[in-house]
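Read off the chains here:
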Amino acid sequence: QVQLVESGGGLVQAGGSLRVSCTASGRTLNTMAWFRQAPGSEREFVAAITWIGGSTLYADSVKGRFTISRDNAKKTVYLQMNSLKSEDTAVYYCAGRSLPGLYRSRAEYDRWGQGTQVTVSS
């Protein structure tokens, strides 16, 4: 059974930086991703990365500000968030996909973490 555990959320001022992490236990997944959900909004795609090769995909809203990376030995995926804005405030969820491929759709991911809160104060 695969489990995903997020950590690293918190409160940061606008313009600041924060890094969230997701550690996977159990069998290795092919693709890992970050989604986020603000109050009253749908859960939206942020970024994804493949374990093998490290190919990445980003949402337009975070491109150039956020960087997704992975440490295969630690089975951990990171999301480095820079130049944070108040609209980045959300619960950030780690997701995993058993099959290959980079996707933006929630439906393509079959493993989810419990989420970590990121709050950006203006």
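All values reported here derive from a predicted model rather than from experimental measurement.

**Re the overall build of the protein**
In terms of regular secondary structure, the protein is built from zero helices and eleven strands. Taken from the N to the C terminus, the helices and strands of the protein come in the order β-β-β-β-β-β-β-β-β-β-β. Considered along the principal axes of its C-alpha atoms, the protein spans approximately 40 × 30 × 25 Å. When burial is assessed residue by residue, the protein has 43% of its 122 residues classed as buried. About 6100 Å² of surface is accessible on the protein, with carbon and sulfur atoms providing 47% of the total. Here the protein contributes 14 positively and 9 negatively charged side chains, and the mean placements of these two sets differ by 6 Å.

**A short note on unusual backbone geometry**
Within the chain, K75 stands out as a residue other than glycine whose phi angle is a positive 55°. Along the polypeptide, K75 turns up in the loop between β7 (66-71) and β8 (76-81). A positive phi is found at S83, a non-glycine position, where the angle reads about 50°. Considering the arrangement of structural elements, one finds S83 in the loop between β8 and β9 (90-97). Note on S83: relative accessible area 43%, which makes it partly exposed.

**A closer look at the side chain of T76**
Positionally, T76 belongs in strand β8. In terms of polar contacts, T76 uses its side chain to reach the backbone carbonyl oxygen of K74, at 2.9 Å. With residues up to four places along the chain from it excluded, the contact list for T76 reads S21, C22, T23, W51, S69, R70 and D71.

Rules used in this analysis
Residues numbered from 1 in each chain as written. Predicted model: local features only at pLDDT ≥ 70, side-chain atom pairs only at ≥ 80, totals over all residues. Heavy atoms only, no water. Helix = DSSP H or I, 4+ residues; strand = E, 2+ residues; numbered from the N terminus. Buried < 20%, exposed > 50% of the residue type's maximum accessible area, 1.4 Å probe, protein only. Areas by Shrake-Rupley, 256 points an atom, 1.4 Å probe, with all protein chains shown as cover. Lys, Arg positive; Asp, Glu negative; His and termini not counted. Charge placed at Lys NZ, Arg CZ, Asp CG, Glu CD. Polar contact = N/O pair within 3.5 Å; in protein donor to acceptor, adjacent residues only side chain to side chain. Contact = heavy atoms within 4.5 Å.

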